[in-house]
Amino acid sequence: MHDVDDTITVDTRLGQIQGLRQDNVLHFRGIRYAQPPRRFWPSSASMPWTGSYDATGFPNRCMQPDSSLLGEPVGPTNEDCLFLNIVTPAVEDAQRAVLFWIHGGSLVNGSANEYDGSMLAAEGDVVVVTVNYRLGLFGFLDLSPLGDKFAGSGSNGFRDQVLALEWVRDNIADYGGDPGNITIFGESAGGVSVLALLATPAADGLYHKAIAHSPVTVDQPPPDLVTSLLTHVGGQPVDLYEKLRVMSGEELLAVQGAIPNVSGGVDGHVVTRSTNDAITERGARGVPLIAGSNRDEGTFFSALITLFAPDFQPPNREFAAAVVGDADSAPYLEALKAQHPDADAMAIYEHIWRAMFLRSAMGSTERATAAGPGGWLYRFDLPTTVELFGKEVGATHGAEIAFTFNRFNSDDPGGLLLYDPEDPVVRRLSRRWSDTVIAFAKTGDPNGAGLPRWPRYDAQSRQTLILDANSRVEADPDRIDRQLWEGVLGDG
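Calculation rules
- Residues numbered from 1 in each chain as written.
- Predicted model: local features only at pLDDT ≥ 70, side-chain atom pairs only at ≥ 80, totals over all residues.
- Heavy atoms only, no water.
- Helix = DSSP H or I, 4+ residues; strand = E, 2+ residues; numbered from the N terminus.
- Buried < 20%, exposed > 50% of the residue type's maximum accessible area, 1.4 Å probe, protein only.
- Contact = heavy atoms within 4.5 Å.
- Areas by Shrake-Rupley, 256 points an atom, 1.4 Å probe, with all protein chains shown as cover.
- Salt bridge = Lys/Arg side-chain N within 4 Å of Asp/Glu carboxyl O.
- Core = buried A, V, L, I, M, F, W, Y, C linked by side-chain atoms within 4.5 Å.
- Disulfide = S-S within 2.5 Å.
- Axes fitted to C-alpha atoms, helices over the stretch in contact; angles between N-to-C directions.
- Parallel < 35°, antiparallel > 145°, perpendicular 65-115°, else oblique.
- Left-handed = near helix turned anticlockwise from the far one by under 90°.
- Nonpolar A, V, L, I, M, F, W, Y, C, P; charged D, E, K, R; others polar.
- Phe/Tyr/Trp six-rings, centres within 6.5 Å; stacked < 30°, edge-to-face > 60°.
- Pairing = 2+ DSSP bridges.

1. A look at the overall build of the protein chain
Across its full length, the protein chain carries 16 helices and 14 strands. By principal-axis analysis of the C-alpha atoms, the protein chain measures approximately 65 × 60 × 45 Å. Here the protein chain, with 492 residues, has 58% of them falling under the buried criterion. Taking the intrachain contacts of the protein chain between residues at least 6 apart in sequence as the baseline, contacts between residues at least 24 apart amount to 74%. When the accessible area of the protein chain is evaluated, it comes to approximately 18800 Å², of which 48% is carbon and sulfur surface.

Below is the structure:
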């Protein structure tokens, strides 16, 4: 390795690469892990390059609607978007734990460029990888109703993540990382992705620990969007693929905006079973898992919706199915209203969001403990100190991300600053929580990094770490919420 000003050059198995030295760590941005993808088909691995690869600039983001409201994104959008970014303390001594971040954004927004692992790398002597994967119809359109050749197409975005993990396994030693110690972690849709990868056999052995922030377990098939698409583009099913294939990316995004939500699911080919079944079936062959949610998850979504649609009426009966699945959602919704008699429809909507993430985190960690590897449950309670869209939102969805990365820089790409970084409570919790993430990545045990002793979560004691100004462990702090859905599902 040699330096020229702030630029560094490294020889790797794929060829020579140029990166940047900033914030006492090394940045390699926009490394191609896959060839430009063929729309609606699995991606394929990238090839070695010739000459010197310029990894000093941020790469393309995957195709997505405008999301500048949550911070100005960096990098143009393009279907050629399968890149990853690496931050490492050094390229020598290839024994550092690797943290592989999967971004959120409802599987339709976001990018690797929005997350800076500099503090984690510098403070924890770890390597941080952030990854792009195809979004929306480009990554999660299930075309299997059109024929067996499209089997698994509804999980192409997850396939991208697997391919990126394979790249990391094969190449991360060149950047100071240990391919035998990789932790996948992500928030919201990234948490969904983490739990989907647990149920993806092609990913087995490519990671060794997992952290799911505000996740939803994968337990339903991908939505059938073919009928909706035919309504918007016309023609017969036999013509649909060709019509979608020849559209411009912008035209396909416009179609995406007119159909029901795009999401991943148990397609039976890539994601082969539900998250919970996968954790149980893998048993001791599974991985240690941290999962958790935020106390006021729903305020983010209500604030965002009312900003654009102040007359929005939440479809709470339909949305409650996100908590109780195939069960009748009406009894659960009535129980929720009875528990919160003064709550209006929007407040109930917020409670449903909270319960959806909470139940997924609770169930997956409980099963990870029962299976053997261990599961740890957290709840993030520290209220934000900055308003979101003019509203006080408490410990809202995504609030913990800055603490995970221990980075509160409003100048970061896509940066959404919700806390005063000079507040000593914020500084203390961010250091202790990020140190806990680092400890878990290194050892598979989250203890010993400054927070209270954190027991595994199980169905008997239900010990939960509360992250707050006064962090603590409580037994079954969400008992009332849990009993509401258990009363409907009978799974208590």
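2. Considering the pattern of salt bridges
Taken as a whole, this structure holds 24 salt bridges when the rule is applied. Note that Glu-281 and Arg-273 form a salt bridge whose closest N and O atoms lie 3.2 Å from each other. Residue Arg-273 is classed as buried on the basis of its relative accessible area of 16%. A salt bridge links Arg-431 to Asp-435, with the shortest nitrogen-to-oxygen separation between them at 3.2 Å. In this pair, Arg-431 and Asp-435 are both assigned in helix α15 (residues 424-443), four residues apart and thus about one turn of the helix distant. Look at Arg-431 and you get partly exposed, because its relative accessible area is 38%.

3. A look at unusual backbone geometry
The phi torsion at Ser-188 lies on the positive side, around 60 degrees, for a residue other than glycine. One non-glycine residue with positive phi stands out, namely Phe-389, at about 55 degrees. Examined against the element boundaries, Phe-389 turns out to sit in the loop between β12 (375-380) and α14 (401-405). Judged by its relative accessible area of 25%, Phe-389 is partly exposed.

4. Examining the nonpolar core
Phe-28, Leu-84, Ile-86, Phe-100, Phe-380 and Trp-433 are the most contacted members of the largest nonpolar core, which has 148 residues in total. Ignoring anything within four residues of it in the chain, the contact list for Phe-380 reads Ser-293, Asn-294, Arg-295, Ala-395, Ala-399, Glu-400, Phe-403, Tyr-419, Leu-429 and Leu-467.

5. Re the state of the cysteines
Summed over the entire model, instances satisfying the criterion amount to one disulfide. At a sulfur-sulfur separation of 2.1 Å, the disulfide partner of Cys-62 is Cys-81. Across the S-S bond of Cys-62 and Cys-81 the torsion is about 90 degrees, and the bridge reads as right-handed. One end of the pair, Cys-62, is in the loop between β5 (52-54) and β6 (83-88); the other, Cys-81, is in the loop between β5 and β6, and 19 residues separate them in sequence.

6. So, the environment of Val-287
Examined against the element boundaries, Val-287 turns out to sit in the loop between α8 (275-282) and β11 (289-294). Looking at Val-287, the relative accessible area reads 10%, which means it is buried. Spatially, the C-alpha atom of Val-287 lies 8.5 Å from that of Leu-198, the residues being 89 residues apart in sequence. Residues in contact with Val-287, not counting those within four places in the same chain, are Leu-198, Tyr-207, His-208, Lys-209, Ala-210, Arg-282, Pro-373 and Gly-374.

7. A short note on the packing of helix α13 (residues 345-371) against helix α16 (residues 479-489)
Across the interface, α13 lies against α16 with an axial gap of 10 Å and an inter-helix angle of 80 degrees. With respect to their mutual orientation, α13 and α16 come out roughly perpendicular. Judged by residue contacts, Arg-354, Ala-355, Leu-358, Arg-359 and Met-362 of α13 engage Asp-481, Arg-482, Trp-485 and Leu-489 from α16.

8. Description of the packing of helix α12 (residues 329-339) against α16
Packed helices, taken two at a time, are described by their axes: the angle between them and the distance between them. Closest axis-to-axis distance for the α12/α16 pair is 9 Å, and the angle between their directions is 150 degrees. When the axis of α12 is compared with that of α16, the two are roughly antiparallel. Crossing geometry of α12 relative to α16 is assigned as right-handed. Residues Pro-331, Tyr-332, Ala-335, Leu-336 and Gln-339 of α12 lie in contact with α16, whose contacting residues are Ile-480, Leu-484, Trp-485 and Val-488. Residues that form the contact of α12 with α16 fall into these classes: eight nonpolar, one polar and no charged.

9. Looking at the packing of aromatic side chains
In the structure shown here, the tally under the stated rule is 28 aromatic pairs. Ring geometry for Trp-101 and Phe-185: centres 4.7 Å apart, planes at 75 degrees, overall edge-to-face. Placement of Trp-101 in strand β7 (residues 96-102) and of Phe-185 in strand β9 (residues 177-187) is noted, with a sequence separation of 84 residues between them. Each member of the pair Trp-101 and Phe-185 is classed as buried.

10. Details of the pairing of strand β13 (residues 463-467)
For β13, the tally of buried residues reaches five of five residues, placing the bulk of the element in the interior. Where burial is concerned, the two faces of β13 agree: the one with Gln-463, Leu-465 and Leu-467 and the one with Thr-464 and Ile-466 are both buried. Bridging between β12 and β13 involves four bridges; their strand directions are parallel. Bridge pairing links Arg-379 to Ile-466 in β13. One ladder, built from four bridges, connects β13 with strand β14 (residues 472-475); its direction is antiparallel. Residue Leu-465 lies in a different strand from β14, and its bridge partner there is Val-473. Between β13 and the antiparallel strand that follows it, β14, lie four residues.

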